[in-house]
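Observations on the model geometry
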Amino acid sequence: MSSLAVHKAPAAADATGAERSNRPPRRRRLSLVPTITLLLGALYCLLPVAWVVIASTKSGSELFSTFTFLPGSGFTDNLTDLNAYRDGIYWQWMANSALYAGLGALLSTCVSAFSGYALATYRFRGRETMFNVLLAGVLMPPIILAIPQYLLMAQADLTDSYWSVLLPQVLSPYGVYLARIYAAAAVPSDVVEAGRMDGAGEWRIFTRIALPMMIPGMVTVFLFQFVAVWNNFLLPYIMLSDDEKFPITLGLFTLLEQGANTPALYTLVITGAFLAVLPLVALFLVIQRFWSLDLLSGAVKS
């Protein structure tokens, strides 16, 4: 009996060792699935960007006659033609987009910070109902609100003005939602109560104590809102008729429409699209630096 048990024990140990030796390769294969999926997703997203970058270097004749991902030799000529088109109206479109996106995102971030902090800190009747209405606004497609917003702006005689594009962007339900969630997590109620006990007013508590803790979340809100306004097409398309007030999205659309009759404008559209992406990339790189610093030192600043 004892000898038989001795023989069985090594056999069982060998079987267990064999199972363990087989597990790591299987786990490695399974762990590669998310990586491959992410790589395919990145490739799917970056291929159009790569196409725009390469196509912007091609002249009109090279655009339709050379290999898709073969760089051309007409980038400087495209820039010159784009700069000369209608006395440089492209740069007016870029300036308009910077105004709409920069000022709109800044105002929206301020409103989101105020509203999110109030919803997270104060207890008042109807607070949850108001927050649920905001959540419904997050789920509502912008196209549903475009026509009512146009009618409101028409009643106020603000259509075809900069305000008609700026004002609807100030209140962002998604921004308020993010600010409320972040304020509830980042601003301890004990700190707020301590400020009140020290005699600080509500405005001072918000600006000196709560806001520094909320900075990383507000940077996120600003970035999301800036990108959303910069890429917005439907609202300016409905509100504006003067092409000198067009943002870059609507301006490039008009160029693309004219390209159906004048194929030479296609190179201007592609070059303009490439240049329009650069401010977003630069903004993300700059904000990411401050984002990381604020995540590490936001609570210390308060």
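Preceding this section is the structure that the text describes.
An account of the accompanying structure is given in this report. Predicted, not measured: the structure shown is a model, and the values here were computed from it.

By volume, the largest pocket amounts to about 720 Å³. If you trace the largest pocket, you find 27 residues lining it, with Pro 142, Pro 168, Gln 169, Leu 171 and Pro 173 closest to the centre. Mapped onto the lining of the largest pocket, the elements with two or more residues apiece are helix H5 (127-139), helix H6 (142-155), helix H7 (162-170), helix H8 (173-186), helix H10 (202-230) and helix H11 (234-239). Class assignment for the residues of the lining of the largest pocket results in 20 nonpolar, seven polar and no charged.

What follows is about unusual backbone geometry. At Asp 157, a residue that is not glycine, the phi angle is positive and equals roughly 60°. Locating Asp 157 in the fold gives a position in the loop between H6 and H7. Since its relative accessible area comes to 66%, Asp 157 is described here as exposed. The phi torsion at Asp 160 lies on the positive side, around 60°, for a residue other than glycine.

What follows concerns empty space enclosed by the protein. Applying the stated criterion to the full structure yields one cavity of 30 Å³ or more. Estimated volume of the largest cavity: approximately 30 Å³. As for the largest cavity, its lining consists of Ser 97, Tyr 100, Val 165, Val 229, Pro 236 and Pro 247. Of the residues assigned to the lining of the largest cavity, the class counts are five nonpolar, one polar and no charged.

On to the packing of aromatic side chains. Under the counting rule described, the total for this entry stands at 17 aromatic pairs. Considering the side-chain rings of Tyr 117 and Tyr 122, the 6.0 Å spacing of their centres and the 85° angle between planes classify their relative orientation as edge-to-face. Aromatic side chains Tyr 117 and Phe 206 sit 5.0 Å apart centroid to centroid with 50° between the ring planes, which places their arrangement in the tilted category. Placement of the pair is Tyr 117 in helix H4 (residues 89-121) and Phe 206 in helix H10, with a sequence separation of 89 residues. Accessibility classification places Tyr 117 together with Phe 206 in one group, the buried group. Taken together, the aromatic side chains of Phe 114, Tyr 117, Tyr 122, Trp 203 and Phe 206 make up a single cluster linked through ring pairs. Over the ring of Phe 131 we find Arg 180; its NZ or CZ atom is 4.2 Å from the centre of that ring.

Scanning the model with the defined rule gives six salt bridges in all. Among the salt bridges present, the one from Arg 127 reaches Glu 128, with a minimum N-O distance of 3.2 Å. Residue classification places Arg 127 among the buried positions, given a relative accessible area of 14%. The residue Glu 202 makes a salt bridge to Arg 196 at a minimum N-O spacing of 3.0 Å. With a relative accessible area of 34%, Glu 202 lands in the partly exposed category. Residues joined by salt bridges that share partners form a network here, namely Arg 127, Glu 128 and Arg 180.

Criteria and thresholds
Residues numbered from 1 in each chain as written. Predicted model: local features only at pLDDT ≥ 70, side-chain atom pairs only at ≥ 80, totals over all residues. Heavy atoms only, no water. 1 Å grid on protein atoms, 1.4 Å probe; cavity = no way out; pocket = protein on both sides within 12 Å on 5 of 7 lines; lining within 4 Å. Points joined across faces, edges and corners; volume = space filled by probe spheres on them. Helix = DSSP H or I, 4+ residues; strand = E, 2+ residues; numbered from the N terminus. Nonpolar A, V, L, I, M, F, W, Y, C, P; charged D, E, K, R; others polar. Buried < 20%, exposed > 50% of the residue type's maximum accessible area, 1.4 Å probe, protein only. Phe/Tyr/Trp six-rings, centres within 6.5 Å; stacked < 30°, edge-to-face > 60°. Lys NZ or Arg CZ within 6 Å of the ring centre and 35° of its normal. Salt bridge = Lys/Arg side-chain N within 4 Å of Asp/Glu carboxyl O.

By themselves, these are just geometric observations and shouldn't be taken as functional.
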